[in-house]
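Below are the chains, spelled out letter by letter.
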Amino acid sequence: MQIVRFSRGMSDYKLKMAFIMPTMVLLILMNIFPLLWSLFLSFHDYQASMPHAPKYIGLENYIDVLTDPDIWEYFRTTAYFVLLAVTAQFLIGFGLALLLNRDFPAKGLVTTLLLLPMMLSPVVVGLFWRFILASDNAGLLNFILSPILKQPIEWTTDPKIAMLAVVIVDTWMWSPFMMLIALAGLSAIPKYLYEAADVDRASAWFKFRSITLPLVSPLLLIALLFRTMDAFKMFDIVYVLTNEGGPGTVTETVSMNLYRIAFRYFDTGKACALAYILLIVIVALSNIYVKYLNRVKSEE
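Rules behind the numbers
- Note that residues are indexed from 1 along each chain, following the sequence as it is written.
- Totals for whole chains, interfaces and linings use all residues, but because this is a predicted model, local features are given only for residues with pLDDT of at least 70 and pairs of side-chain atoms are given and counted only at 80 or more.
- For the side-chain quantities, the full set of heavy atoms in the structure was used; hydrogens and water were omitted.
- In this description a helix means any DSSP run of H or I spanning at least four residues, a strand means any run of E spanning at least two, and both kinds are numbered starting from the N terminus.
- In this description the radius of gyration comes from C-alpha coordinates, and the expected globular size is given by 2.2 Å times residues to the power 0.38.
- Residue burial is assigned from relative accessible area. The probe radius is 1.4 Å, only protein chains are included, and a residue is buried under 20% of its type maximum, exposed over 50%, and partly exposed in between.
- By definition in these notes, contact holds between two residues if any of their heavy atoms fall within 4.5 Å.
- Charged residues are defined narrowly, with Lys and Arg counted positive, Asp and Glu counted negative, and His plus the chain ends left uncounted.
- Positions of charges follow a simple convention, taking NZ of Lys, CZ of Arg, CG of Asp or CD of Glu.
- Think of a polar contact as two N or O atoms within 3.5 Å of one another; within protein, one of them needs to be a possible hydrogen donor and the other a possible acceptor, and neighboring residues in sequence only count if both atoms come from side chains.
- Here, expected helix span is obtained from the residue count minus one, scaled by 1.5 Å.
- Two axes define the bend at a residue: one fitted to the seven residues ending there, one fitted to the seven starting there, and the bend is the angle between them.
- Salt bridges are defined as contacts in which a side-chain nitrogen from Lys or Arg sits within 4 Å of a carboxyl oxygen from Asp or Glu.
- Here the axes come from fitting lines to C-alpha atoms, over the contacting stretch only for helices, and the angles between their N-to-C directions go from 0 to 180 degrees.
- Our angle categories are set so that under 35 degrees counts as roughly parallel, over 145 as roughly antiparallel, 65 to 115 as roughly perpendicular, and the remainder as oblique.
- By definition, turning the near helix anticlockwise from the far helix through less than a right angle yields a left-handed crossing, and turning it clockwise yields a right-handed one.
- Side-chain classes follow a simple rule in which Ala, Val, Leu, Ile, Met, Phe, Trp, Tyr, Cys and Pro form the nonpolar group, Asp, Glu, Lys and Arg form the charged group, and the remainder, Gly included, forms the polar group.
- When we speak of the arc, we mean the arc of directions from the helix axis to the C-beta atoms.
- Pairing of aromatic side chains here covers Phe, Tyr and the six-membered ring of Trp, requires ring centres within 6.5 Å, and sorts the geometry by plane angle: under 30 degrees stacked, over 60 edge-to-face, intermediate tilted.
- Residues belong to a common nonpolar core when they are buried Ala, Val, Leu, Ile, Met, Phe, Trp, Tyr or Cys residues joined through side-chain atoms within 4.5 Å.

A look at the overall build of the chain
Here is step 1 of the chain: Broken down by element type, the chain carries 13 helices and two strands.
Here is step 2 of the chain: Rg of the C-alpha trace for the chain: 25 Å, well past the compact-globule value of 19 Å for 300 residues, more than 25% over.
Here is step 3 of the chain: Here the chain holds 300 residues, and the buried ones make up 37% of them.
Here is step 4 of the chain: Summarising the internal contacts of the chain: among those between residues at least 6 apart in sequence, 64% fall at separations of at least 24.
Here is step 5 of the chain: Charged side chains in the chain number 23 positive and 22 negative. The centres of these two groups are separated by 9 Å.

Below, the structure written as structure tokens:
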């Protein structure tokens, strides 16, 4: 009887907060606290491998990062990778979505098979493609191409094409994500718009330019936003596929260099400063996407 009286005495708001607050506290501890702690360490001289307490040094870590020419080279490498990978994923994913946006036998099975790569762990994908792109004839791709090649292609050890290998692997894994978002947008377009265009004898290009592209573009921009943010943080595939950014530093992205500073040199303060600079870059790019997305929606 006491339990019944207690439950009746609680308002709906208090009951809702009783269920929500434990989750909110857990999220704050797991997300907000690490962000604030890393921001605090970015203004301090601190090494996680040393027992001494953090020593306040102001903006020195940020100055060291921004004046380091190697850091800017890693940003250029990352931007080059993002441009190639996201563009390829957009074109392939949108193209696959256009092909799948029709009725044909075993459509569900084909769609599921195409979505399988993005369901795998990036580490598994990196190991999988590391065997495929092995530089000698033991690599599956070189073995297949051996009848037409004079010598094996050094996919991950040649500085000229190592980045291309990383782009191929990332594109193979994440093009299905673009395809899925684009397919959702294409499926939501009302059929009567195409039927009206057919009555007016509109060409296929006119229907694509005037109906398909404008209506699906908001979802495409959202997919581009997510993939751009994720590509800037890409670490695991590079780490596994190229042996920590090799050959040399050709494929060393900002996230790869961040890992090296934090867990190889144990310069925790500088690593936190670099992480926040990367966060600012990603937020700035995201704002550009969001502004353009709002403009597209207002035009509609």
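What about the environment of Ala88?
Here is step 1 of the chain: Position of Ala88 among the secondary structure elements: in helix 4 (residues 69-100).
Here is step 2 of the chain: Expressed as a C-alpha distance, the spacing of Ala88 and Asn142, which sit 54 residues apart in the sequence, is 23 Å.

Overview of the side chain of His44
Here is step 1 of the chain: Residue position: His44 is located in strand 1 (residues 44-45).
Here is step 2 of the chain: For His44, the side chain forms a polar contact with the main-chain oxygen of Phe40, separated by 2.5 Å.
Here is step 3 of the chain: The residues contacting His44, other than those within four sequence positions of it, are Pro54, Lys55, Tyr56, Ile57, Asn61 and Gly269.

A word on helix 10 (residues 204-232)
Here is step 1 of the chain: Between the first and last C-alpha of helix 10 there are merely 36 Å, a value that for 29 residues lags more than 12% behind the 42 Å anticipated at 1.5 Å per step.
Here is step 2 of the chain: The axis of helix 10 is deflected most strongly, by about 50 degrees, at Ser217, and proline Pro218 appears within four residues downstream.

Quick look at the pattern of salt bridges
Here is step 1 of the chain: This model, assessed by the stated rule, comprises six salt bridges.
Here is step 2 of the chain: Asp68 serves as the salt-bridge partner of Lys270, at 3.9 Å between the closest nitrogen and oxygen. In this pair, Lys270 sits in helix 13 (residues 268-299) while Asp68 sits in the loop between helix 3 (60-66) and helix 4, placing the two residues 202 residues apart along the sequence.
Here is step 3 of the chain: Bridged by salt links that share partners, the residues Asp170, Arg227 and Asp230 form one connected network.

Brief notes about the packing of helix 4 against helix 10
Here is step 1 of the chain: Contact pair helix 4 / helix 10: the axes reach a minimum separation of 10 Å and the direction vectors enclose 140 degrees. Of the possible angle classes, the one that applies to helix 4 and helix 10 is oblique. The handedness of the crossing between helix 4 and helix 10 is right-handed. Residues Thr78, Phe81, Val82, Val86, Gln89, Phe90, Phe94 and Leu98 of helix 4 form the contact with helix 10, whose own contacting residues are Phe208, Thr212, Leu213, Val216, Leu220, Leu224, Arg227, Thr228, Ala231 and Phe232.
Here is step 2 of the chain: Residues of the contact of helix 4 with helix 10, tallied by class, amount to 13 nonpolar, four polar and one charged.

Let's talk about unusual backbone geometry
Here is step 1 of the chain: Even without a glycine there, the phi angle at Ala106 is positive, about 60 degrees.
Here is step 2 of the chain: The topology assignment puts Ala106 in the loop between helix 4 and helix 5 (107-119).
Here is step 3 of the chain: Taking the relative accessible area as the measure of exposure, Ala106 reaches 46% and is therefore partly exposed.

Things to note about helix 6 (residues 122-132)
Here is step 1 of the chain: Among all positions of helix 6, only Val125, Gly126, Trp129 and Ile132 are buried. End-on view of helix 6: buried residues confined to an arc of 120 degrees, all on one side of the axis.
Here is step 2 of the chain: Against helix 5, helix 7 (140-145), helix 8 (162-187) and helix 11 (236-241) lie the buried residues of helix 6.

Structural notes on the side chain of Ser286
Here is step 1 of the chain: Looking at the secondary structure, you find Ser286 in helix 13.
Here is step 2 of the chain: A polar side-chain atom of Ser286 sits 2.8 Å from the main-chain carbonyl oxygen of Ile282.
Here is step 3 of the chain: Once residues within four sequence positions are removed from consideration, Ser286 is found in contact with Leu225 and Met229.

Quick notes on the packing of aromatic side chains
Here is step 1 of the chain: Here the structure, examined in full by the defined rule, presents 15 aromatic pairs.
Here is step 2 of the chain: When the centroid spacing of 6.4 Å and the interplanar angle of 85 degrees are considered together, the rings of Trp174 and Phe177 count as edge-to-face. Taken as a pair, Trp174 and Phe177 lie in helix 8 at a separation of three residues, close to a single helical turn.
Here is step 3 of the chain: With a relative accessible area of 19%, Trp174 lands in the buried category.
Here is step 4 of the chain: One aromatic cluster is present, built from ring pairs that chain together Phe90, Phe94, Trp205 and Phe208.

Quick look at the packing of helix 8 against helix 10
Here is step 1 of the chain: With their axes 9 Å apart at the nearest point, helix 8 and helix 10 run at an angle of 150 degrees to one another. Between helix 8 and helix 10, the angle falls in the class roughly antiparallel. Regarding helix 8 and helix 10, the two cross each other, and that crossing is right-handed. Two secondary-structure elements touch here, helix 8 through Asp170, Trp174, Phe177, Met178, Ile181, Ala182, Ala184, Gly185 and Leu186 and helix 10 through Thr212, Val216, Leu219, Leu220, Ala223, Leu224, Phe226, Arg227 and Asp230.
Here is step 2 of the chain: Residue composition of the contact of helix 8 with helix 10, grouped by class: 13 nonpolar, two polar and three charged.

A few points about the nonpolar core
Here is step 1 of the chain: With 62 residues, the main nonpolar core has Phe81, Leu133 and Leu274 as its most contacted residues.
Here is step 2 of the chain: Counting residues per element, this core draws most heavily on helix 8, at 13 residues.
Here is step 3 of the chain: Those residues within four positions of Leu274 in sequence are excluded, and the remaining contacts are Val65, Ile71, Phe75, Val254, Asn257, Leu258 and Ile261.

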